[in-house]
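Chain and residue survey
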Amino acid sequence: MAMLEVNHLSTEFKTENGAVKAVRDVSFKVEKGEVLGIVGESGSGKSQTMFSIMGLLSGNGEVTEGDIKIDGKDISPKNYSPKDYESLMSSIRGNDMAMIFQDPMTFLNPVLKIGTQLIEPILNHNDVSKQEAEARAIELMRKVGIPSPETRLNQYPFEFSGGMRQRIIIAIALACNPKIIIADEPTTALDVTIQAQVLDLIAHLKDEIDSGIIMITHDLGVVASICDRINIMYGGKVVESGTADEIFYDPKHPYTIGLLSCISNPEEKEKKELHPIPGSPPDLLNIENYCPFADRCEKAMKICKMRMPEEKQYSNTHTCSCWLSHPLAQGKGE
Amino acid sequence: MFKYIVKRVLIGFITLFILATATFFLMKITPGSPFSAEKYKSPEALAAAKAKYNLDKPIMEQYVLYMSDLAHGDLGESMVHQGNTVWYYIKHGFPVTARLGVVAFILSVFGGISLGAAAALSKKKWINNLCMIVATIGVSVPSFLIAMLLIIVFGVELKWLPFVGLTKPANYILPAISLSLYPIAMIARLTRSSLLEVMKQDYIILARSKGTPYKKVVIKHALKNAMLPVITYCGPMFAFLLTGSFVIENAFSIPGIGKTFITCVTDRDYTVIMGVTIFLGIIIITFNLLSDILSAMIDPRIKLK
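Looking at an unreviewed UniProt entry, one finds chain B named ABC transporter permease and attributed to Floccifex porci. Taken from UniProt, the Subcellular location (unreviewed entry) comment for chain B reads in full: "Cell membrane". Comment text from UniProt for chain B, heading Sequence similarities (unreviewed entry), reads "Belongs to the binding-protein-dependent transport system permease family."

In the nomenclature of an unreviewed UniProt entry, chain A corresponds to ABC transporter ATP-binding protein from the organism Floccifex porci. Check the Sequence similarities (unreviewed entry) section of the UniProt entry for chain A; it says "Belongs to the ABC transporter superfamily." The heading Subcellular location (unreviewed entry) in the UniProt record of chain A holds the text "Cell membrane".

The next subject is the overall build of chain B. Secondary structure assignment for chain B yields 12 helices and 0 strands. Sequence-ordered secondary structure for chain B, helices as α and strands as β, is α-α-α-α-α-α-α-α-α-α-α-α. Residue burial in chain B is summarised as follows: out of 305 residues, 36% are buried.

To continue, consider the overall build of chain A. Of regular secondary structure, chain A possesses 10 helices and 12 strands. Principal axes of the C-alpha set define a box for chain A whose edges measure 65 × 55 × 40 Å. In chain A, the share of contacts with a sequence separation of at least 24, taken over all contacts with a separation of at least 6, comes to 64%.

What follows deals with the sheet that holds strand E8 (residues 212–217) of chain A. In a beta sheet, neighbouring strands pair by backbone hydrogen bonds and run either parallel or antiparallel. Residues and elements named next belong to chain A. Taking strand neighbours across the sheet as the criterion, the 8 strands line up as E6-E7-E8-E3-E9-E10-E12-E11 in an open arrangement whose pairing is mixed. The outermost strands of the open sheet, each flanked by one partner alone, are strand E6 (97–100) and strand E11 (311–313). Taking the axes of each pair of neighbouring strands and ignoring which way they run, one obtains an average angle of 20 degrees across the sheet. Note: E6 against strand E7 (residues 180–184), 4 bridges, orientation parallel.

All names here are of chain A. The antiparallel open sheet is built from 4 strands, whose spatial order is E2-E1-E4-E5. Where the open sheet ends on each side, the last strands, each with one partner, are strand E2 (18–30) and strand E5 (73–74). As paired strands, strand E1 (residues 4–15) and E2 are joined by 9 bridges and run antiparallel to one another. In the strand pairing of E2, Leu9 is matched with Val26.

Below, the discussion takes up the interface of chain A and chain B. Each partner contributes to the interface: chain A provides 26 residues, whereas chain B provides 20 residues. For the side of chain A that touches chain B, the elements supplying multiple residues, two or more each, are helix H2 (82–92), E6 and helix H3 (114–125) of chain A. Tallied by class, residues from the side of chain A that touches chain B come to 14 nonpolar, 8 polar and 4 charged.

So, about the UniProt feature "domain: ABC transporter" (unreviewed entry) in chain A. The UniProt record marks residues 4–260 of chain A with the feature "domain: ABC transporter" (unreviewed entry), using the residue numbering of this structure. Secondary structure content for residues 4–260 of chain A is 39% helix and 27% strand, while the C-alpha to C-alpha distance between its ends is 28 Å.

Formed by 139 residues in total, the largest nonpolar core has its most connected members in A:Ala171 and A:Ile214. The biggest single contributor to this core is helix H7 (residues 173–199) of chain B, with 14 residues. Taken domain by domain, this core gets at least three of its residues from each of domain 1 (4–96 + 179–329) and domain 2 (112–177) of chain A. When residues no more than four places from it in sequence are discounted, the contact partners of A:Ala171 are A:Leu118, A:Leu140, A:Met141 and A:Val144. The next biggest cluster of nonpolar side chains, apart from the first, holds 14 residues, and it includes B:Val86, B:Phe261, B:Tyr270 and B:Val276.

Here we come to the packing of helix H4 (residues 86–121) of chain B against H7(B). Residues and elements named next belong to chain B. Viewed as axis vectors pointing N to C, H4 and H7 meet at an angle of 35 degrees, and their least axial separation amounts to 6 Å. Between H4 and H7 lies a crossing of right-handed hand. Grouping the amino acids of the contact of H4 with H7 by side-chain chemistry returns 20 nonpolar, 6 polar and 2 charged.

So, about the confidence of the model for chain B. The predicted coordinates ought not to be read in detail in places where the model reports low pLDDT. All names here are of chain B. Per-residue confidence for chain B averages 87 on the pLDDT scale, and 98% of its residues sit at or above 70. Confidence, expressed as mean pLDDT per element, reaches its minimum in chain B at helix H2 (residues 43–52) with 81 and its maximum at helix H8 (residues 202–209) with 92. Two summary scores accompany this predicted model of the complex, namely pTM at 0.81 and ipTM at 0.87.

Residues and elements named next belong to chain A. The first and last C-alpha atoms of helix H4 (residues 130–143) sit 20 Å apart over 14 residues, in line with the 20 Å expected at 1.5 Å per residue. Taken as a whole, H4 has its buried residues at Ala133, Glu134, Ala137, Leu140 and Met141. Around the axis of H4, the buried residues are gathered within 115 degrees of arc, so they sit on the same side. In this structure, H4 carries Gln131 and Glu139 as exposed residues pointing more than 90 degrees from its buried face.

Below, the discussion takes up unusual backbone geometry. Phi is positive for A:Asp25, which is not a glycine, with a value near 55 degrees. Position of A:Asp25 relative to the elements: it lies in strand E2. Unlike most non-glycine residues, B:Arg268 shows phi in positive territory, near 55 degrees.

Conventions adopted
Residues numbered from 1 in each chain as written. Chains lettered and ligands numbered in written order. Predicted model: local features only at pLDDT ≥ 70, side-chain atom pairs only at ≥ 80, totals over all residues. UniProt positions renumbered as here; feature names shortened; annotations may be inferred. Helix = DSSP H or I, 4+ residues; strand = E, 2+ residues; numbered from the N terminus. Buried ≥ 20, exposed ≤ 12 C-beta atoms within 10 Å, placed from the backbone. Contact = placed C-beta atoms within 7 Å. Pairing = 2+ DSSP bridges. Axes fitted to C-alpha atoms, helices over the stretch in contact; angles between N-to-C directions. Nonpolar A, V, L, I, M, F, W, Y, C, P; charged D, E, K, R; others polar. Core = buried A, V, L, I, M, F, W, Y, C linked by C-beta atoms within 7 Å. Domains from an automatic or database assignment. Left-handed = near helix turned anticlockwise from the far one by under 90°. pLDDT = per-residue confidence, 0-100. Expected span 1.5 Å × (residues − 1). Arc of directions from axis to C-beta.

Take a look at the structure:
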């Protein structure tokens, strides 16, 4: 059974100008011990998909459709009253499902000691004393590579460097051995050298724990190093999904192909020009129901701006939603 | 921390020196004299009184004499009610005012924070509107009007509560409410805006992602951060409440220091004016320092240097 199963999830944000459809009909699964990469540019809905699953959408956001199951247990907001959902999620968050956030400088509470923040999820979900929780916290800090955890426990976030804070955030996520860990661009806000260290840590932890990990990023290079499978998101939809090999060596969607041509490879001997994708992502406010990438796609056809393409299955693991794969469009994509 | 406090105390003394000097000369510039014509009919008596209080000497000499007395801790004695020391006025007026001030302060802090938090966190719009209406009234309606209104409604018409003096606990209710309405309104507005800001912060999301229930997130993670601007306001506000309000003390016939202060100004009772001003100055400086120390205790990032 999949650790996390999301089916036809849609999320909207109500604004004065209308509904912003941030997530549109997204489905995916994460198995035990698997790392799923979710790639897309800013505003593609990748973070909001995760906030929908965690039930942490901001006030005007709402999951309008879809089923979410964690380890077989239904946690779709539509099946509970708001009050029941909140108390259910309080028992799930940090326990079955935990999140690693983007910016370590802003996600730790500046006025609480590191120890207080680290033992909080342990005390929330386990029937242990404060001393036992602290012992567990020290063990966690060792695990994520923080030297002299006994003294660090009594310090405040401002006494930690960015990389060290991110390790603390990772330790908080690991505190209750969650079934699913969602890492929302965990390296974006860090220096390049620290990025590598944190990625190493996550890759190392991946082998040690058997949680499913979802890695959100807009950096394909990051994904290549640790992900088993990859979902490419664009305009609130998953446009292509496959194993890392399938995505990197046999990309089908023009957007994926565009993304891959934006990666520089220092090992290549020939100088290759990078090709940025012209244009900007679609406005998700009152978005029309046709392929979201059509307006920027070099190979766009008439049909692309009329209807949403259907998903085509290339292999057991590889799917792509693009009109170019339609039998009538043969040869147009070359 | 210790160095910081010593430094602040030294700065406090300099502030007091400037305050005393400015008050001294302003007082001398103002027309009038503590010796009324009815009381001192003969010029000899007037001259004798002036000589007793050094008022016959040049103004600079008076200043030096007063400051050297002050440096020895001697505030002198009243020029109008001879035989009463200035300390006597402070000793009798201040405790009355302070008792009322403490009650009003507690009321302000609890009332203001709960009102502001309710306005910020409630999902029902009318609660937010109600809190903000109360806050706007509190800021804009002058306290004497509220005092009069409370006296007429609850004292005179309904006869529920006493409104003269401060003899019984029930006597505190009306003056404390009139005194604290303005600070309640200010604290409510500060708490509301600061809490709304804090609830948007990333660390609130992280706290919720740990499975911490909403109420606990507010109390443990949000309130502590949101209280910083409130504490900065509370220090001077407490000093203001302790130093008394002439209007309120007059309306409820409370023999506090605020009333003493105004009486001595109208009487041109030079020594009492000086003494009370310096005393109130000390209180205000002390509470400003205390609120800074408290802020640093709550927010570890604030380094007191």
